[in-house]
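Chain by chain, the residues:
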Amino acid sequence: MGLLDRIRSGTNVPDDGPALATPGRRLTLREAGTRVNGGEELLPAAREFLDQAGRASAHELAAMIAERPDPTGNARADALLAGVAEYTAGLQQIACPRWTSEPERLLDRFWFVSTEPGFRAIALAQTPVALKRRGILWSARSMRRV
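All figures in this text were calculated on a predicted structure; none of them were measured in a lab.

A. Highlighting the pattern of salt bridges. Evaluated as defined, the whole model comprises 10 salt bridges. In this structure, Arg133 engages Glu86 in a salt bridge whose closest nitrogen and oxygen atoms are separated by 3.0 Å. Note that Arg133 is positioned in the loop between α7 (129-132) and β2 (136-137) and Glu86 in helix α5 (residues 75-92), a separation of 47 residues in sequence. With a closest N to O distance of 2.7 Å, Arg134 and Glu86 form a salt bridge. Here Glu86 lies in helix α5 and Arg134 lies in the loop between α7 and β2, a separation of 48 residues in the sequence. Taken together, the salt bridges that share partners define one network made up of Arg68, Glu102, Glu104 and Arg105.

B. Layout of the environment of Leu80. Take Leu80: it is sitting in helix α5. Sequence spacing of Leu80 and Ile136 is 56 residues, and the spatial spacing of their C-alpha atoms is 7.1 Å. Discounting residues that sit within four places of it in the chain, Leu80 has contacts with Leu42, Leu43, Ala46, Trp111, Leu131, Ile136 and Trp138.

C. A look at the nonpolar core. Residues Phe49, Leu80 and Ile136 are the most contacted members of the largest nonpolar core, which totals 34 residues. Elements with a contribution of two residues or more to this core: α2 (29-37), α3 (42-53), α4 (58-66), α5, α7 and α8 (140-143). No other element matches the 9 residues that α5 contributes to this core.

Here is what the cut-offs are and how they apply
Residues numbered from 1 in each chain as written. Predicted model: local features only at pLDDT ≥ 70, side-chain atom pairs only at ≥ 80, totals over all residues. Heavy atoms only, no water. Salt bridge = Lys/Arg side-chain N within 4 Å of Asp/Glu carboxyl O. Helix = DSSP H or I, 4+ residues; strand = E, 2+ residues; numbered from the N terminus. Contact = heavy atoms within 4.5 Å. Core = buried A, V, L, I, M, F, W, Y, C linked by side-chain atoms within 4.5 Å. Buried < 20%, exposed > 50% of the residue type's maximum accessible area, 1.4 Å probe, protein only.

Structural data, given as structure tokens:
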């Protein structure tokens, strides 16, 4: 029996780490934070959220960002989750949750998300205010998802 058959039958399916979002259900930022806490890398979790947020209605997005992610122990992750919430809320013109304004969601040093030196100038010029004010430099173009 192949993997697809095992998945369909629900038997002997390997656990390969954190589950992806259920089809038809949107990943919340709280869940993305939980996955980061569980060892998943930050940027893939943030990008999956951005993928889904880009296809969400304003009502769906409000639900996706409403619940406060638990602190991850990683200042960059905590700041990025808040910045992504504020950025996507602004795109949909919905209210930004209060948890995004917590002082622990701000970095005390700038973080260039890309380590490529050639992208630093672009990041300085094109980072959305929602991220820049938190000390995160990641251009909006890099945040756009499919």
